[in-house]
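If you want the building blocks of each chain, they are given just below.
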Amino acid sequence: MNREEKSATIQEIAAQIEASEAIFAVDYRGISVPQAAELRSKLREADASFRIVKNRLTKLAADKAGEERLADLLQGPTALTFVRGDTAQAAKAITTFNKEHEVLTYKGGFMEATVLDETAFKSIAKLPSRDVLNGQFAGVVASPLTGLVRGLGSLIQGLALQLGQIAEKGLVSGEAPAAEPEAAAAEEAPEAEAETSEEPAAEEEPAAEEDAPAEETPEAEGSDDTSEQDSNEEEG
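In short, a report on the structure. Bear in mind that the values here come from a model prediction, so they are computed numbers and not experimental data. (Residues numbered from 1 in each chain as written. Predicted model: local features only at pLDDT ≥ 70, side-chain atom pairs only at ≥ 80, totals over all residues. Heavy atoms only, no water.)

Concerning the side chain of Arg51
Working step 1: With respect to the helices and strands, the residue Arg51 is situated in strand E2 (residues 48-53).
Working step 2: A polar contact is formed between the side chain of Arg51 and the side chain of Glu12, at a distance of 3.2 Å.
Working step 3: Among the polar contacts listed, one links the side chain of Arg51 to the side chain of Gln16, at a separation of 3.0 Å.
Working step 4: With residues near it in sequence (within four places) discarded, Arg51 still touches Thr9, Glu12, Ile13, Gln16, Thr78, Ala79, Leu80 and Phe82. (Helix = DSSP H or I, 4+ residues; strand = E, 2+ residues; numbered from the N terminus. Polar contact = N/O pair within 3.5 Å; in protein donor to acceptor, adjacent residues only side chain to side chain. Contact = heavy atoms within 4.5 Å.)

Quick look at the structure:
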């Protein structure tokens, strides 16, 4: 490998380090070419890659990428798994592969800021895949949201019904509701009675004027008798 090839390799590994969410280091001694191809195929499903590296060049790449933790793992034959996608699925693929072939020895790794020893690595491998976790999370979130949507739907339906009843009574448009026939008749009845009670009072005044001449009749008759008596006394 000439100088340019080494420089290109360092650049490539540094880019893989920077793009990875997790990195696993294993001792690959004993793995065959077909087995390595099989493992790469399984890791590809988790958006991860398996690469046998040269420790010295990888240390330079780690320094370039600013990942100091990787240098401690670069002892002896080393292969790195760069995980860009599902960390749990990648760890499960390595664990399942090693149960069948028993050719890999886990050295260590890290997931973002978390350092992963062998126990943590095996624990991650037992987790459901990201798709399964997303489905479970979506189910948990959707359950209360479904109840909330149903509750809001019932509330809106009840509010619309109440507004419809208010609109029928004329309260929404600002117009007073039309009076019912029975209520209108009840309101008109007292007015009719009041008018009836006022009519006799208006008729009594002329009656008093007509009775006045009747009271003057005796006085007129008395005056006639007096005049006749005076005429008789003069004749006598």
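Still more ground to cover, so stick around.
Observations regarding helix H4 (residues 87-101)
Working step 1: Between its first and last C-alpha, H4 extends 21 Å over 15 residues, near the 21 Å set by a 1.5 Å rise per residue.
Working step 2: All of the buried residues in H4 are Thr87, Ala88, Ala90, Ala91, Ala93, Ile94 and Phe97.
Working step 3: Regarding H4, its N-cap is Asp86, as a side-chain oxygen of that residue lies 3.2 Å from the backbone nitrogen of Ala88 further along. (Expected span 1.5 Å × (residues − 1). Buried < 20%, exposed > 50% of the residue type's maximum accessible area, 1.4 Å probe, protein only.)

Regarding the sheet that holds strand E5 (residues 114-116)
Working step 1: Read across the open sheet, the 5 strands follow the order E2-E3-E1-E4-E5; overall the sheet is antiparallel. At either end of the open sheet lies a strand with only one pairing partner, and these are E2 and E5. Direction aside, neighbouring strands of the sheet carry axes that sit 15 degrees apart on average.
Working step 2: Pairing of E2 with strand E3 (residues 78-83) involves 6 bridges; the strand directions are antiparallel. Residue Val53 lies in a different strand from E3, and its bridge partner there is Thr78.
Working step 3: Strands strand E1 (22-27), E2 and E3 of the sheet are contacted by helix H1 (residues 3-19), whose axis makes an angle of about 140 degrees with E2. (Pairing = 2+ DSSP bridges. Axes fitted to C-alpha atoms, helices over the stretch in contact; angles between N-to-C directions.)

Section: the packing of aromatic side chains
Working step 1: Tallied over the entire structure, the rule returns 2 aromatic pairs.
Working step 2: Relative to Phe121, the ring of Tyr106 lies with its centre 4.3 Å away and its plane at 20 degrees, an arrangement referred to as stacked. Of this pair, Tyr106 sits in strand E4 (residues 105-111) while Phe121 sits in helix H5 (residues 118-125), and the two are 15 residues apart along the sequence.
Working step 3: With a relative accessible area of 14%, Tyr106 lands in the buried category.
Working step 4: For Phe121, a relative accessible area of 5% corresponds to the buried category.
Working step 5: An aromatic cluster is present here, built from Phe24, Tyr106 and Phe121 joined pairwise through their rings.
Working step 6: Note that Arg69 overlies the ring of Phe110, its terminal NZ or CZ placed 4.2 Å from the centroid. (Phe/Tyr/Trp six-rings, centres within 6.5 Å; stacked < 30°, edge-to-face > 60°. Lys NZ or Arg CZ within 6 Å of the ring centre and 35° of its normal.)

Considering the pairing of E1
Working step 1: Along E1, 6 of the 6 residues are buried, which leaves the element largely enclosed by surrounding structure.
Working step 2: Of the two faces of E1, the one lined by Ala22, Phe24 and Val26 and the one lined by Ile23, Ala25 and Asp27 are each fully buried.
Working step 3: Across 5 bridges, E1 lies against E3 in antiparallel orientation. Paired with Val26 across the two strands is Ala79, which belongs to E3.

Side note on unusual backbone geometry
Working step 1: Phi angles above zero are rare outside glycine, and Asp47 is one such case at about 55 degrees.
Working step 2: Structurally, Asp47 can be placed in the loop between helix H2 (33-44) and E2.
Working step 3: At Glu102, a residue that is not glycine, the phi angle is positive and equals roughly 50 degrees.
Working step 4: By relative accessible area, which is 65% here, Glu102 ends up exposed.

Some points on the pattern of salt bridges
Working step 1: Applying the stated criterion to the full structure yields 7 salt bridges.
Working step 2: Of the charged contacts, one joins Asp27 and Arg29 as a salt bridge, the two residues approaching to 2.7 Å between their closest N and O atoms.
Working step 3: Between Lys122 and Glu118 there is a salt bridge; the shortest N-O distance is 3.6 Å. Here Lys122 pairs with Glu118, and both are found in helix H5, just 4 residues apart, close to one helical turn.
Working step 4: A relative accessible area of 45% means that Lys122 is categorised as partly exposed.
Working step 5: Judged by relative accessible area, which is 42%, Glu118 ranks as partly exposed.
Working step 6: Beyond isolated ion pairs, a larger network of salt bridges with shared partners links Glu38, Lys42 and Glu100. (Salt bridge = Lys/Arg side-chain N within 4 Å of Asp/Glu carboxyl O.)

A closer look at the side chain of Glu67
Working step 1: Secondary-structure assignment places Glu67 in the loop between helix H3 (55-65) and E3.
Working step 2: Classification of Glu67 as buried rests on a relative accessible area of 14%.
Working step 3: Among the polar contacts listed, one links the side chain of Glu67 to the side chain of Arg69, at a separation of 2.8 Å.

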